[in-house]
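Here are the chains, one letter per residue:
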Amino acid sequence: MPAEKLTSGLVAELEDGGLRGSFLVRDLSSGNEIGIEPDLAFPVASLIKVPLATTTLDRIHRGELDGSRRLEVQPGRVTTPGPTGLTRFQHPAQVSIDDLLYLSMAISDNVAADALFDLTPPAAVTNALRAWGLNGITARHRLGDLADTPQERLEPDKAHLAHSLAIGAGTAGRGHEIAQLDVTRANSGSARSFVDLLQALWTPSNIDHAVAARARELMGSNLLRQRLAPDFSSDASTWSSKTGTLLNLRHEIGVVEHADGQCFAIAALTESRVPAATQPEAEILMARVARTLRDHLRR
């Protein structure tokens, strides 16, 4: 099937499912790629933890930070559904920088990530990306800011109201009344910019090879596997990834490495028009779209 016909059909499927998305799949050997609105900017939620981890690892590699150094981390004391790890702790804990990296990437612990942002602020993460030649991702704020949305101020049975606001308060220029959903104020990026980052981590680039190897290992430790993983994990492939979720946003980026040597970088960034916190159908749909795009390249 011609690529244009394939993508137009997938856009229709997304529309029918209440989703708009920025997708890109790239063969890391040939450079061939196929996508849907791959340059559309989105607030990226927890996807920013990948450049944060990479920058932190680079500083460790350069000797600016000691990965074994233990930090006293204040508890998040969050009780609403969703957050994990230190974000739900009730008491301070001493955790090494290396272990904060693991918690941030494996279980998407926001308090762990903010402890890393205390060491390397968002502007420094953005500067590191630019120095590596990666221009599409911008870090602007800490992860704790993601907990300050209308959803956290409502009872769990009123979550749909927060999602209705998230859906209806945007502007044509990708602005939003909720700061964390405004691409000019939030941590932002596109499918293409994250695939570029994945390519820099999986193939030779300006990022030191040891730093990239550890970043790949951390992405391989991701325990949140309900989104794209079911379509890309098998006995003959490995899936290394990072998810991002905020209100009506559902994202995942990752690399699937096949036993035959083929390797594909994949980014799926979506926003839903359905005012509901739990949408397993959206997870299934975005995975099917990403898988179909990958299958088109893998012949």
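Everything that follows concerns the structure shown earlier in this document.
What you see is a predicted model, and the numbers here were worked out from it, not measured in a lab. (Residues numbered from 1 in each chain as written. Predicted model: local features only at pLDDT ≥ 70, side-chain atom pairs only at ≥ 80, totals over all residues. Heavy atoms only, no water.)

Undergrad: Outline the overall build of the protein, listing residues and values.
TA: The number of helices and strands found in the protein is ten helices and nine strands. Expressed as a percentage of the 299 residues in the protein, the buried residues total 54%. In the protein, the share of contacts with a sequence separation of at least 24, taken over all contacts with a separation of at least 6, comes to 65%. (Helix = DSSP H or I, 4+ residues; strand = E, 2+ residues; numbered from the N terminus. Buried < 20%, exposed > 50% of the residue type's maximum accessible area, 1.4 Å probe, protein only. Contact = heavy atoms within 4.5 Å.)

Undergrad: Please give an account of the packing of aromatic side chains that cites residues and values.
TA: In this structure the tally under the stated criterion is one aromatic pair. Taken together, a centroid distance of 5.0 Å and an interplanar angle of 20° make the contact between Phe-232 and Trp-239 stacked. The exposure class of Phe-232 is buried, given its relative accessible area of 2%. Judged by its relative accessible area of 4%, Trp-239 falls in the buried class. (Phe/Tyr/Trp six-rings, centres within 6.5 Å; stacked < 30°, edge-to-face > 60°.)

Undergrad: Outline the sheet that holds strand E1 (residues 19-27), supporting the account with residue identities and numerical values.
TA: With antiparallel pairing, five strands are arranged side by side in an open sheet as E2-E1-E9-E8-E7. Each edge of the sheet is formed by a strand with only one pairing partner; in this case those strands are strand E2 (33-36) and strand E7 (237-246). Averaged over all neighbouring strand pairs, the angle between strand axes comes to 10°, with direction disregarded. As defined by bridge partners, E1 adjoins E2 across four bridges and the pair is classed as antiparallel. Note on E2: the bridge partner recorded for Leu-24 is Gly-35. Together, E1 and E2 form the strand contacts of helix H1 (residues 3-16), whose direction differs from that of E2 by roughly 35°. Of the strands in this sheet, E1, E2, strand E8 (249-258) and strand E9 (263-272) are in contact with helix H10 (residues 280-297), which crosses E1 at around 30°. (Pairing = 2+ DSSP bridges. Axes fitted to C-alpha atoms, helices over the stretch in contact; angles between N-to-C directions.)

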